[in-house]
Amino acid sequence: MAVPARAIPVRHHGRWLILAILLLAAAGLVLAFWRADIDYAVTARFLTAPNVLDGLLNTVIISVLAQGLGIALGVLFALMGMSRNREIRLVSAAYIWLFRGTPVIVQLLLWYNLSLVIPSVAGWPTNQLITPFLAALLGLGINEGAYMAEIVRAGIQSVDHGQHEAARALGMPPMLTLRRVVLPQAMRVIVPPTGNEFVSMLKMSSLAYAIQYGELLQSAVKIYSNNLAIVELLLTVSVWYLVLTSIATILQSFLERRYSRGLTRPVPGGVR
């Protein structure tokens, strides 16, 4: 009588080794912070300091507005990139190439120092028009638009061409087709990367510190410049960024579930 074969699972010794290394590294990091001369009471106390809360509010405001500007520009340049007109497509491609290819911090500094290139706009001094807030909004928003253009384009192209033909057969004009047929279906592809972009925007807004915009990091820098509690205030900032990104992630998950309704199929024979 033949002995039945018994499957022996493959042992992955490398995985256990990597896990052990990561645990040791994490333990070493925790131990270093535990032994360091850090007053965590200061970190906790400044979480609700008025200056820090003002910076937190400014971070949220600039992130939301810059992301909104980026989405608007992304839709515009995505449509331009799919135009039948070659010149319009070239303009879209040049915009994406330029703003994706240069560092955000350089763009922020250029907007902030625009008066060195254009001294006045319509008779108004440029250095009075381009405030740190406006420079941060333009720098972050226009840069974000280049990334959103690719995201929106991918979402629109994911919609089956038959949907366009069906809308055309019903006599719907192109813009109405885009608004009522294409974009609602494209949202399930657009929402996840857009959520990721907003999470990145919340963190990238800290670069506005370089142009004196009073966001969260700038507020912390002003405080620790006086009390020299550098690490403590940086930990305070880190805690608030974790809170903001966690809230954004929850909202992203909610939107993903909403736009994915009707796409999942029940498993045959599963629990109803």
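See above for the structure.
The following refers to the structure shown. (Residues numbered from 1 in each chain as written. Predicted model: local features only at pLDDT ≥ 70, side-chain atom pairs only at ≥ 80, totals over all residues. Heavy atoms only, no water.)

**So, the overall build of the chain**
Now for step 1: Scanning the chain from terminus to terminus reveals 11 helices and two strands.
Now for step 2: Taking 2.2 N^0.38 as the reference for a compact globule, 272 residues should give roughly 19 Å; the C-alpha atoms of the chain span a radius of gyration of 25 Å, well beyond that estimate.
Now for step 3: Summarising its shape, the C-alpha atoms of the chain cover approximately 75 × 70 × 35 Å along the three principal directions.
Now for step 4: Scored against the burial criterion, the 272 residues of the chain give a buried share of 33%.
Now for step 5: In the structure as shown, the chain presents an accessible area of about 17600 Å², 67% of it carried by carbon and sulfur atoms.
Now for step 6: Averaging the coordinates of the 21 positive side-chain charges in the chain and doing the same for the 12 negative ones gives two points 13 Å apart. (Helix = DSSP H or I, 4+ residues; strand = E, 2+ residues; numbered from the N terminus. Rg over C-alpha atoms; globule rule 2.2 N^0.38 Å. Buried < 20%, exposed > 50% of the residue type's maximum accessible area, 1.4 Å probe, protein only. Areas by Shrake-Rupley, 256 points an atom, 1.4 Å probe, with all protein chains shown as cover. Lys, Arg positive; Asp, Glu negative; His and termini not counted. Charge placed at Lys NZ, Arg CZ, Asp CG, Glu CD.)

**Observations regarding unusual backbone geometry**
Leaving glycine out, the prevailing phi sign among residues is negative, and the prevailing peptide bond configuration is trans.
Now for step 1: Of note, the phi angle at alanine 122 is positive, near 55°, even though the residue is not glycine.
Now for step 2: Within the secondary structure layout, alanine 122 lies in the loop between strand S1 (120–121) and strand S2 (124–125).
Now for step 3: Unusually for a residue other than glycine, leucine 228 sits at a positive phi of about 60°.
Now for step 4: Turning to its location among the elements, leucine 228 is positioned in the loop between helix H10 (216–227) and helix H11 (230–259).
Now for step 5: For leucine 228, a relative accessible area of 67% translates into the label exposed.

**Considering the nonpolar core**
Now for step 1: With 25 residues, the main nonpolar core has Ile62, Phe77, Tyr95, Leu140, Ile142 and Ile211 as its most contacted residues.
Now for step 2: The set of elements that each furnish at least two residues to this core consists of helix H3 (50–81), helix H4 (86–100), helix H5 (104–112), helix H7 (132–157) and helix H9 (174–204).
Now for step 3: Looking at which element gives the most residues to this core, the answer is H7, with eight residues.
Now for step 4: Setting aside residues up to four positions removed in sequence, tyrosine 95 forms contacts with Leu73, Phe77, Ile142, Gly145 and Ala146.
Now for step 5: If you look at the next biggest cluster of nonpolar residues, it comprises 20 residues, including Val52, Leu56, Leu217 and Ala220. (Core = buried A, V, L, I, M, F, W, Y, C linked by side-chain atoms within 4.5 Å. Contact = heavy atoms within 4.5 Å.)

**Quick look at the packing of H3 against H11**
Now for step 1: Close contact between H3 and H11 brings their axes to 12 Å; oriented N to C, the two are set at 40°. By the criterion of interaxial angle, the relationship of H3 to H11 is oblique. For the pair H3 and H11, the sense of crossing is right-handed. Between H3, through Val52, Leu53, Leu56, Thr59 and Val60, and H11, the contact on the second element is made entirely by Thr236, Trp240, Tyr241 and Leu244.
Now for step 2: A class-by-class count of the residues in the contact of H3 with H11 yields seven nonpolar, two polar and no charged. (Axes fitted to C-alpha atoms, helices over the stretch in contact; angles between N-to-C directions. Parallel < 35°, antiparallel > 145°, perpendicular 65-115°, else oblique. Left-handed = near helix turned anticlockwise from the far one by under 90°. Nonpolar A, V, L, I, M, F, W, Y, C, P; charged D, E, K, R; others polar.)

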